[in-house]
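Results of the structural survey
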Amino acid sequence: MRSNPRLARLTVLLAAFVCAACGLVYELELVALGDYLLGDTVTQTSVVLSVMVFAMGLGSLLAKRLTRRPATAFALVECALALTGGLSVLALYSCWAWIGRYQAAMVVLTCLIGILIGAEIPLLMTLIQRIRREDAGRAVADLFAADYVGALIGGLAFPFLILPALGPGDGALLTGAVNAVAGAAVVLWLFREEPAPRIRRLLWTGCALVLGLLAAAAAGSDLIERAARHALYGGDVRYATRSRYQEIVLTGPAEGPLRLYLGGRLAACGPDEYRGSEALVHPAMAAGPDTRVLLLGGGDGLALREVLRHRGVRTVRLVDTDPALPRLARTDPALSALGDHSLDDPRVTVTAADPLAWLRGAPEDGPGDGYDVVLADLPAPADGGPVAFHSQEFYGLAARLLAPGGRIAVRAGGDEGGLWQIESGLRAAGLRTAPYAVPGDATAACRPGPPDTAQDYLLAAADRPALTLAPDAPPPRALTPDTLRASAARLTALRPLHPPPPLTLLGPR
């Protein structure tokens, strides 16, 4: 091939194309894993991208010392990158589960991957010029064109092909294997005269060893994940999956108590989950008509169970981002029994969609004359919930779907500062609010906390809503009219004279 410079040059550009695609996939794998495990996508993306770009610049500087033997150096860089990037997801997941130092490990791995990616371009440029000397501007243009197009293909393949088909862990391992073959093997074959025979044999052996290690990691990835989950969640993991949106783990024996983890966050604890579900649903259902209900989130079916206990309910639309959660709530016997098989009720329609996107596309008048009750069963920002689901824009879109006399109920978490910021968003949407709280913690039996713990909620409507309980449903275990009014009076007295500004999509903090 070296006798045909055009074909040899095209082969090097193809290697650059594939390596660029692999490099961007590594980047996106780290962002996706951080979002799954820690939430706060903006922070995870910012940290990964900024550290990666800095490290790439550092790698480019360090590569100047390697240009004397560019083929040998490039083969070593690609083998190291394939191994580091391929194992990065499993390594970070293990750090998160066993050590708890995820952020530090992520920064170190991102920096190392970025240094190796940054070293590629100078070495590839040197190899291209060794095939045929030409104007530096033309060579740079061709090389960067291959690099950028490869990054485009890698960026598109990740969300639409790699992540749905393989998930972050296996996707990173496969990307590492492709990286090793396309990078190290192609260059070693094309420039095989550069290293001495003994060095060349060592490099081929190293490349094969990297592929073997990645294959072994792929074969044992399920075992590693199970061991990490047992270390994190205990030995009674009944169900675990990583959907496109989050990791879902259900633990506990079939007879209970159950623990439901979403993205590493304890979302429901069997013995106490009723506290949160009752507090969100019953005051809102009692403050007026309750024929048509919109439930945003709540794919576990627990809040839906409380909605369906009201005899006046005719239709309920449940909108949840992740279709895997309602599927689990339907098929797991214990979780389905805890939710009283609410998702199987013929009055319920389940829609798999992002709640904010669904609200934006929903007709303004809703079904008939609108929804009587809108329930936002979404974690508060203080509990790891997305800011977008508690923004002024979100509440404005929800308010336009309300029927006359309709109400919105919102989880505000256990942080009173966050309570008033969420209230500001509801008021900015033209609603009047009534804060209230339920004593205790909905996860206390699984994760004991301070004895005086309380969870805050907000009920909002066009006119100031009354806090009461409806007679058309069984009395809640965690609430009474007196405790509702007492908590509302206490929180009202604590309301700041100058409330914080509302959360918005353009200025969330």
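Residues numbered from 1 in each chain as written. Predicted model: local features only at pLDDT ≥ 70, side-chain atom pairs only at ≥ 80, totals over all residues. Heavy atoms only, no water.

If you check an unreviewed UniProt entry, the protein chain appears there as Polyamine aminopropyltransferase from Streptomyces sp. Y1. Entered under Catalytic activity (unreviewed entry) in the UniProt record, the comment concerning the protein chain runs "S-adenosyl 3-(methylsulfanyl)propylamine + putrescine = S-methyl-5'-thioadenosine + spermidine + H(+)". (UniProt positions renumbered as here; feature names shortened; annotations may be inferred.)

1. Digging into the pattern of salt bridges
Taken as a whole, this structure holds 14 salt bridges when the rule is applied. Between Arg330 and Asp344 there is a salt bridge whose closest N-O contact spans 3.9 Å. With Arg330 in helix α10 (residues 324-331) and Asp344 in the loop between α11 (333-338) and β7 (348-352), this pair connects stretches of sequence that are 14 residues apart. Relative accessible area serves as the criterion here: at 37%, Arg330 is assigned to the partly exposed category. On the accessibility criterion, Asp344 (47% relative accessible area) is partly exposed. Through salt bridges with shared partners, one network takes in Glu273, Arg305, Glu306 and Arg309. (Salt bridge = Lys/Arg side-chain N within 4 Å of Asp/Glu carboxyl O. Helix = DSSP H or I, 4+ residues; strand = E, 2+ residues; numbered from the N terminus. Buried < 20%, exposed > 50% of the residue type's maximum accessible area, 1.4 Å probe, protein only.)

2. Focus on the sheet that holds strand β3 (residues 259-262)
The four strands are arranged β1-β2-β3-β4 in an open sheet whose pairing can be described as antiparallel. Every other strand in the sheet has two partners, leaving β1 (237-242) and β4 (265-269) as the edge strands with one partner each. Sheet twist, expressed as the mean angle between neighbouring strand axes with direction ignored, is 15°. Here four bridges tie strand β2 (residues 247-251) to β3, and the two strands are oriented antiparallel to one another. In the strand pairing of β3, Ile248 is matched with Leu262. The sheet strands contacting α10 are β1, β2 and β3, and the helix crosses β2 at an angle near 20°. (Pairing = 2+ DSSP bridges. Axes fitted to C-alpha atoms, helices over the stretch in contact; angles between N-to-C directions. Contact = heavy atoms within 4.5 Å.)

3. Looking at the UniProt feature "active site" (unreviewed entry) in the protein chain
As annotated by UniProt and renumbered to match this structure, "active site" (unreviewed entry) occupies Asp377. One can find Asp377 in strand β8 (residues 371-377). Judged by its relative accessible area of 12%, Asp377 is buried. The residues contacting Asp377, other than those within four sequence positions of it, are Leu280, Leu295, Leu296, Gly297, Gly298, Ala303 and Arg411.

4. Description of the sheet that holds β8
On the basis of which strands lie adjacent, the open sheet formed by seven strands has the order β7-β6-β5-β8-β9-β11-β10 and mixed pairing. What marks the edges here is a single partner per strand, and that holds for β7 and β10 (432-439). The sheet shows a mean angle of 20° between the axes of neighbouring strands, taken without regard to direction. Across five bridges, strand β6 (residues 315-320) lies against β7 in parallel orientation. Each bridged residue has a counterpart across the sheet, and for Val319 the counterpart in β7 is Thr351. This element, helix α15 (residues 481-494), spans β10 and β11 (454-461) of the sheet and lies at about 115° to β10.

5. Details of the environment of Gly212
Along the chain, Gly212 falls in helix α7 (residues 197-233). On the accessibility criterion, Gly212 (37% relative accessible area) is partly exposed. Residues Gly212 and Ala177 lie 35 residues apart in sequence; the distance between their C-alpha atoms is 9.2 Å.

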